[in-house]
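# Per-entry structural report
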Amino acid sequence: MNTTQHKAYGAKTKDANLEPMQIERREPGSDDVKIEILYCGICHSDIHQVRNDWKNSVYPVIPGHEIIGKVTNVGTNVSRFSEGDLVGVGCMVDSCQECDSCKKDLEQFCENGATFTYNSEDKHLGGHTYGGYSTGVTVNQDFVLKVPENLDAKATAPLLCAGITTWSPLSTWNVGKGDKVGVVGLGGLGHMGIKFANALGAYVVMITTSPSKAEDAKRLGAHEVLLSTDEDAMKSHTGTFDFILNTVPVGHDINPYINLLKIDATMVMVGAVEPLEAVNGAGLIMGRKRVAGSLIGGIKETQEMLDFCGEHNIVSDIEMVDMQEANSAFERVVNADVKYRFVIDMASLKN
Ligand SMILES: [Zn+2]
Ligand SMILES: [Zn+2]
């Protein structure tokens, strides 16, 4: 198979910093789109994978699954994309396309295992897949997304993971006008949750432990801020929420949030991929309440999210960094010191 060389940044071991590397990408087959990467967001998962926090990393890890780029070449079967198109690639680059999940447009739950953008088996070149911290990528056309041209391209990068992660539960649970929606946690995910819930017409309450976040939450579209440390305030909101989006990235006590739900209402977890503190069954039983989870979204749903963003002028709040600054950006993400997403300017890697 013909390949081309690309510059990239990756980590060779779990203790290593990201460093410059050369990688190979396949030349487009008949169903492929070749993309020159312009921008790539930094997701907290990138750091978990580089540091082998989930014990499944394969090295070198070249992270990045919030990719925005320009099409430079397409295969003979590709008609939806052409040279010069602005496109996105998110967390997946392939799936079996035949199982029940894939047929239901839920490729993220492919029963045969979706091919994730990095750290999955590379079915074309062997080895494993490499992510977007590089100058280019070749992707099956079914996993390439159209990016609305009216949006600021660099600020659309985080929509490919942080965006769809928060959009999918809001859409799946039909959040809309008249709903009182809580968003727990104000980081990369939470700030998108506020923007989407607001644009969908909901009454949005930012639920946080830190009063310092109140002003920013309101700027992002929250109608009210509820301090979870204020017992009286929490009491006054008991049983009033139609839906809660919980974006807290670590294990924590979710019982106080369950108390906020109305009868039959649901809280969806999107952040914590680890054990939560014990849940009191009574809190769920009294009111037939539900706690659910959600993982990114399918390709069709991701395109719907991007189209919605185009119509409503929604992008992420970002801070641009050069590829060479990625290691210090990782540290700042770990310390929650970013408003609200870093995006790498890939021009810095090309020189
Ligand atoms: Zn991500
Ligand atoms: Zn499948």
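Residues numbered from 1 in each chain as written. Chains lettered and ligands numbered in written order. Predicted model: local features only at pLDDT ≥ 70, side-chain atom pairs only at ≥ 80, totals over all residues. Heavy atoms only, no water.

Turning next to the overall build of the protein. Secondary structure summary: the protein contains twelve helices and 17 strands in total. Taking 20 Å as the expected radius of gyration for a compact globule of 351 residues, we find that the protein reaches 20 Å, a close match to that expectation. Principal axes of the C-alpha set define a box for the protein whose edges measure 65 × 40 × 35 Å. A burial count over the protein gives 54% of its 351 residues as buried. (Helix = DSSP H or I, 4+ residues; strand = E, 2+ residues; numbered from the N terminus. Rg over C-alpha atoms; globule rule 2.2 N^0.38 Å. Buried < 20%, exposed > 50% of the residue type's maximum accessible area, 1.4 Å probe, protein only.)

Looking now at the packing of aromatic side chains. Inspection of every chain in the model, using the stated rule, returns four aromatic pairs. Pairing Trp173 with Phe243 gives two aromatic rings, centres 6.1 Å apart and planes at 45°, and the pair type is tilted. Separated by 70 residues along the polypeptide, Trp173 in the loop between helix H4 (162-172) and strand E10 (180-184) and Phe243 in strand E13 (residues 241-246) bring together distant segments of the chain. When the ring centre of Phe81 is taken as origin, the NZ or CZ atom of Lys146, which lies over that ring, is 4.7 Å away. The ring of Phe241 is capped by Lys180, whose NZ or CZ atom sits 4.5 Å from the centre of that ring. (Phe/Tyr/Trp six-rings, centres within 6.5 Å; stacked < 30°, edge-to-face > 60°. Lys NZ or Arg CZ within 6 Å of the ring centre and 35° of its normal.)

Ligation of the zinc ion (ligand 1) by protein atoms is provided by Cys43 (SG), His65 (NE2) and Cys161 (SG), these donors lying 2.0 to 2.2 Å from the ion. Positions of the donor residues of the zinc ion (ligand 1), expressed as sequence spacing, correspond to C-x21-H-x95-C. A residue pair is termed long-range when its members are at least 10 positions apart, and His65 in the loop between helix H1 (44-50) and strand E4 (67-74) and Cys161 in the loop between helix H3 (153-156) and H4 qualify at 96 residues. (Donors = N, O, S within 2.8 Å, 3.2 Å for Na, K, Ca; no water.)

What follows concerns the coordination of the zinc ion (ligand 2). Within the protein, the atoms that donate to the zinc ion (ligand 2) are Cys96 (SG), Cys99 (SG), Cys102 (SG) and Cys110 (SG), at distances of 2.3 to 2.4 Å. All donors of the zinc ion (ligand 2) belong to a single chain; written as a sequence motif, their spacing is C-x2-C-x2-C-x7-C. Of the residues examined, Cys96 reaches a relative accessible area of 24% and is grouped as partly exposed.

A separate point is empty space enclosed by the protein. Counted under the stated rule, the structure contains one cavity of 30 Å³ or more. Counted as a void, the largest cavity has a volume near 70 Å³. Of the residues belonging to the lining of the largest cavity, the class tally is eight nonpolar, three polar and no charged. (1 Å grid on protein atoms, 1.4 Å probe; cavity = no way out; pocket = protein on both sides within 12 Å on 5 of 7 lines; lining within 4 Å. Points joined across faces, edges and corners; volume = space filled by probe spheres on them. Nonpolar A, V, L, I, M, F, W, Y, C, P; charged D, E, K, R; others polar.)

Those residues of helix H11 (residues 326-334) that fall on the buried side of the exposure criterion are Ala326, Ala329, Phe330 and Val333. Buried residues in H11, looked at end-on, bunch into an arc of 105°, giving them a common side. Packing partners of the buried residues in H11 comprise strand E3 (32-42), H1, strand E16 (318-322) and strand E17 (341-345). Remark: Ala336 follows H11 within two positions and exhibits a positive phi of approximately 55°. (Arc of directions from axis to C-beta. Contact = heavy atoms within 4.5 Å.)

Taking strand neighbours across the sheet as the criterion, the six strands line up as E12-E11-E10-E13-E14-E15 in an open arrangement whose pairing is parallel. A single partner strand is all that each edge strand has here, and the edge strands are strand E12 (224-227) and strand E15 (290-293). When strand polarity is set aside, the average angle formed by the axes of neighbouring strands in this sheet is 25°. Direction of pairing for strand E14 (residues 261-269) relative to E15: parallel, over a ladder of four bridges. In the sheet register, Met267 faces E15, and the bridge partner there is Val291. (Pairing = 2+ DSSP bridges. Axes fitted to C-alpha atoms, helices over the stretch in contact; angles between N-to-C directions.)

In this section: the pairing of E4. Pairing of E3 with E4 involves seven bridges; the strand directions are antiparallel. From the neighbouring strand, Tyr39 faces E4, where its bridge partner is Ile68. The sheet contact formed by E4 and strand E5 (residues 86-89) spans four bridges and is antiparallel. When the sheet's bridge partners are listed, Ile67 is paired in E5 with Val89.

Roughly 270 Å³ of volume is contained in the second largest pocket. Lining the second largest pocket are 21 residues, with Arg25, Arg26, Asp122, Thr129 and Thr138 positioned closest to its centre. Residue assignment for the lining of the second largest pocket shows that the elements contributing at least two residues are strand E2 (19-26), strand E6 (92-94) and strand E8 (136-140). For the lining of the second largest pocket, the leading source of residues is E8, giving four residues.

Following Tyr59, the chain continues to Pro60 via a peptide bond in cis, the omega torsion being 0°. For Pro60, the position within the fold is in the loop between H1 and E4. The step from Lys339 to Tyr340 runs through a cis peptide bond, and the omega angle for that step is -15°. Considering the arrangement of structural elements, one finds Tyr340 in the loop between H11 and E17. The residue Asn174 is not glycine, and still its phi comes out positive at about 55°.

This part is about the pairing of E10. Of all five residues that make up E10, five are buried, and the element is covered over most of its length. Alternating residues of E10 divide into Lys180, Gly182 and Val184 and Val181 and Val183, and every residue in both groups is buried. In this sheet, strand E11 (residues 203-208) lies alongside E10 in parallel orientation, the contact comprising five bridges. Within the sheet, the bridge partner assigned to Val183 lies in E11 and is Met206. Between the parallel pair E10 and E11, the chain is carried across by helix H5 (residues 188-199), and the sense of this crossover is right-handed. Two strands pair when backbone bridges link them, and E10 and E13 are joined in this way by four bridges, in the parallel orientation. Bridge assignment links Gly182 to a residue of E13, and that residue is Ile244. (Right-handed = clockwise from strand over helix to strand, strands pointing away.)

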